[in-house]
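What follows is each chain in one-letter form.
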Amino acid sequence: MEKFSIKAKTYTLKYNQSSKEDKVLNNSVKYLIPVYQRPYSWNEEQIDKFISDIFRSFYGFDGTSVPEQMFIGTMQLSGQSKLEDGSIIQEVVDGQQRLTTLLIFLKLLSQKYKDNKDLKELNFNWLQTKVNGGEQQKNLSEFLSLDSLSDVKINSLNPYIRNAFVINNLLDEGIPNEEGKLDGFEINRFVNHLFSNIYFVVIETVAGLSKTLQIFDAINTTGLDLNGSDIFKIRMYEYLKDKKNQEESAFDEINNLYAKVDDYNRVNEINISFSEILSIYQDILISRYNLPTVLYSLGTTTFFDRLFDSLFNLNHWENFNRIDKIELLLADIDDIIEARFKWEKLSYPTLEDASLMSFIWWSRYSRFWKIVIVFLFRFKENPQNVFRFINKLSKLFILYSIYFDRAINNIYTFTFKVIDDIIVYNKSCDEILKRFDDKIFDLVPYFDKKGEDVFLLKINQNIAYNAKKKNLICRLSALLEEDLYSNENINHRRELLFHSTKFPNDIEHIQSFNDENIQQRELIKKDWGEDLHSIGNLVLLERSINRRISNKSYDEKVKEYSDSKFSIVNGINAQYPKWGLEQAQQRKKMEILKIKNYLFN
């Protein structure tokens, strides 16, 4: 069982009447900013408030010259280990910014007031940092080696030196008391106040890193600002160091993966989050280690929190009882990053290939789009196969989105099995695609109890009542009128069809639902019935044109249709000199046959 203890004490900087040991500046204790922390980053505003508050406590918060005790915040320290010289080192989980700023402040005071006995006795080797692979310590050492700020430029990139100039300016200008006066400042009295009346609540924990972070989260003080991917970085580091016995350099390897994502984003001018990479890794782990499929539905942060809790025996979560053989690998994450950005940079050979991914996103099963990245993760040597895979996946998702008015478990189960084929069973690309063909073929002879083809029933009726179904069918209908196998202006033409933010479009009723002839509206609705909302009377149209034509008659509409960039709209113009129920029914038959042939080809 992991060692665990927690205790809280009240510390001063150096003089503590209650305890000789409970002080920050304890010659036998050194503080270490651990590798997983963020860099020292306080800005001028934070420095100004922090130092000014200390001086106000010296002058007295009530405006008198009597110093007031000041609570400076909570500091969390983790563990104790002895160095060769006999001193104790403790990791700073929370409190880096305040502790570092106090170090800079004390260093400047010792330079300005060389005759003060307390300042003269100070040494400044009590704080070290492992952040940023030694770069942070290099900057800190550079500052501590300075005899004077006059030796460096005021616009230094070193954050310790930069903030030293901020503090130095505050000292040079003089920090007034509450009445705005600069008198009453005596260095001996001030240093005694600083060492005696500035209080920390110090929480010391003896626990593994994961448990320590749980305590930090419960305390919820300022300092570390951790999101889900930050927590993963730290806990993965703990896993590699404690469970896999890797060197401390493992944290640099993890950081390099995060930097790799940032670099790819910058070069490609996109914004892929590390959380997205982890969500793909989640799917791979569930499949590879035969974890319960219910874990696919867990949020990524929750999944990895519970996984690490279970790996470190901190908590026993439901569905995480088969993890003894799980091995987490940085190489896997690196391969996922490569697959994700390889897919982003794919050059689509045809308009059809470029468009089909959009149908996956528009379908009821858009949550499974990441299976495409899982496919590339496995078949990295031949990425062109991904176009065949997307083709089958999109057709399946379109069909099931047409057949059923909500997402069904049948497809969830099928998709999990496909992931298993890719990750666990190492099926060939052709074997995986055959699984899709078989699943699609299951729908071909799908008849209801009356012996009617369900696909025809679903697409033959009113499709406008369901936005998902309407958009899928009408966009597919529009795509199939384009030159599917053209490789010209692919991205632009795809955006016209699918990216409604940049190129907004609507689903147009050719015969308006609310005709401009108010007296004819009810008669039209009665005569047309469901055909008013069928694929025969619906067409994808640019929003700008749709709003111009409003509910006008067909004769007026066709004049505006000529401005459309969609081939399907231009085809209506050319093929139908007039429009009525008969024409809509004729067009419906043609559209259904076109869509059915494509999906079941």
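For the structure itself, look to the data block above.
Per chain, residue numbering runs from 1 following the sequence as it is written. In keeping with the model being predicted, local features are shown solely for residues with a pLDDT of at least 70 and side-chain atom pairs are shown and tallied solely at 80 or more, while totals for entire chains, interfaces and linings include all residues. Excluded from the side-chain calculations are hydrogens and water; all other atoms, namely the structure's heavy atoms, are used.

Q: What should I look at first to understand the sheet that holds strand E5 (residues 127–129) in this one?
A: Either a parallel or an antiparallel arrangement is found when strands of a sheet pair, and the pairing is made through backbone hydrogen bonds. Here, any two strands with at least 2 DSSP bridges between them count as paired. To qualify as a helix, a DSSP run of H or I must reach at least 4 residues; to qualify as a strand, a run of E must reach at least 2; elements of each kind are numbered from the N terminus. With mixed pairing, the six strands of this open sheet are ordered in space as E1-E6-E3-E4-E2-E5. Each of the sheet's edge strands pairs with one partner strand only, and the pair in question is strand E1 (5–11) and E5. Each adjacent strand pair in this sheet contributes to an overall mean axis angle of 30°, direction not counted. Of the strand pairs in this sheet, E1 and strand E6 (residues 198–206) are connected by seven bridges, and their pairing is antiparallel. By the bridge assignment, Ile 6 is partnered in E6 with Thr 205. Each of strand E3 (70–82) and E6 touches helix H1 (residues 44–59); the most contacted strand, E3, lies at about 115° to it. Here helix H2 (residues 96–112) sits on the sheet and contacts strand E2 (29–33), E3, strand E4 (88–94), E5 and E6; the angle it forms with E3, its principal contact strand, is near 95°. Angles shown run from 0 to 180 degrees and are taken between the N-to-C directions of axes, each axis being a line fitted to C-alpha atoms and, for helices, limited to the stretch in contact. For this analysis, residues touch if any pair of their heavy atoms sits within 4.5 Å.

Q: What is the right way to look at a negative patch on the surface in this model?
A: Together, Glu 44, Glu 45, Asp 48 and Glu 173 make up a region of like negative charge exposed at the surface. A total of three residues in the negative patch trace back to one element, the largest contributor, which is H1. Note that Glu 173 resides in helix H5 (residues 159–173). Excluding any residue in a salt bridge, patches collect residues exceeding 30% relative accessible area, merging like charges within 9 Å and nonpolar Val, Leu, Ile, Met, Phe, Trp and Tyr side chains within 5 Å. Note that accessible areas follow from Shrake-Rupley with a 1.4 Å probe, and for residues the cover is restricted to the protein chains shown. Criterion for a salt bridge: a side-chain nitrogen of Lys or Arg within 4 Å of a carboxyl oxygen of Asp or Glu. Working convention for charge: Lys and Arg count positive, Asp and Glu count negative, and His plus the chain ends are omitted. The location of each charge is read from NZ of Lys, CZ of Arg, CG of Asp or CD of Glu.

Q: What is the right way to look at the pairing of strand E7 (residues 505–509) in this model?
A: Sheet faces and side chains relate simply in a regular strand, where the side chains alternate between the two faces. To sort residues, take the accessible area from a 1.4 Å probe on protein chains only and compare it with the maximum for the residue type: under 20% means buried, over 50% means exposed, and anything in between is partly exposed. A large share of E7 lies buried, amounting to five of its five residues. Pairing of E7 with strand E8 (residues 538–542) involves five bridges; the strand directions are antiparallel. The partner of His 509 across the bridge, within E8, is Leu 538.

Q: I tried to follow the layout of surface pockets on my own but got confused; where do I start?
A: Rolled over the atoms, a probe with the dimensions of a water molecule shows which regions are left empty. Reported here for the largest pocket is a volume of approximately 380 Å³. Taken together, the elements giving at least two residues each to the lining of the largest pocket come down to E3, E4, helix H7 (209–219) and helix H8 (228–243). Residues were grouped as follows: Ala, Val, Leu, Ile, Met, Phe, Trp, Tyr, Cys and Pro as nonpolar; Asp, Glu, Lys and Arg as charged; and all remaining residues, including Gly, as polar. Broken down by class, the residue content of the lining of the largest pocket amounts to eight nonpolar, seven polar and six charged. Grid spacing is 1 Å over the protein atoms alone, the probe is 1.4 Å, and a cavity is where that probe fits but cannot get out, while a pocket is an open set with protein on both sides within 12 Å along at least five of seven lines and lining residues have an atom within 4 Å of a point. Grid points are joined across faces, edges and corners, and a volume is the space filled by probe spheres set on the points. Estimated volume of the second largest pocket: approximately 300 Å³. Along its surface, the second largest pocket is lined by 15 residues, and Trp 343, Glu 344, Tyr 348, Asn 491 and Arg 494 are the ones closest to its centre. Among the secondary structure elements, those contributing two or more residues to the lining of the second largest pocket are helix H12 (330–344), helix H13 (351–362) and helix H20 (490–498). Per-element accounting of the lining of the second largest pocket gives the leading share, four residues, to H13. Among the residues making up the lining of the second largest pocket, the classes are represented as eight nonpolar, four polar and three charged.

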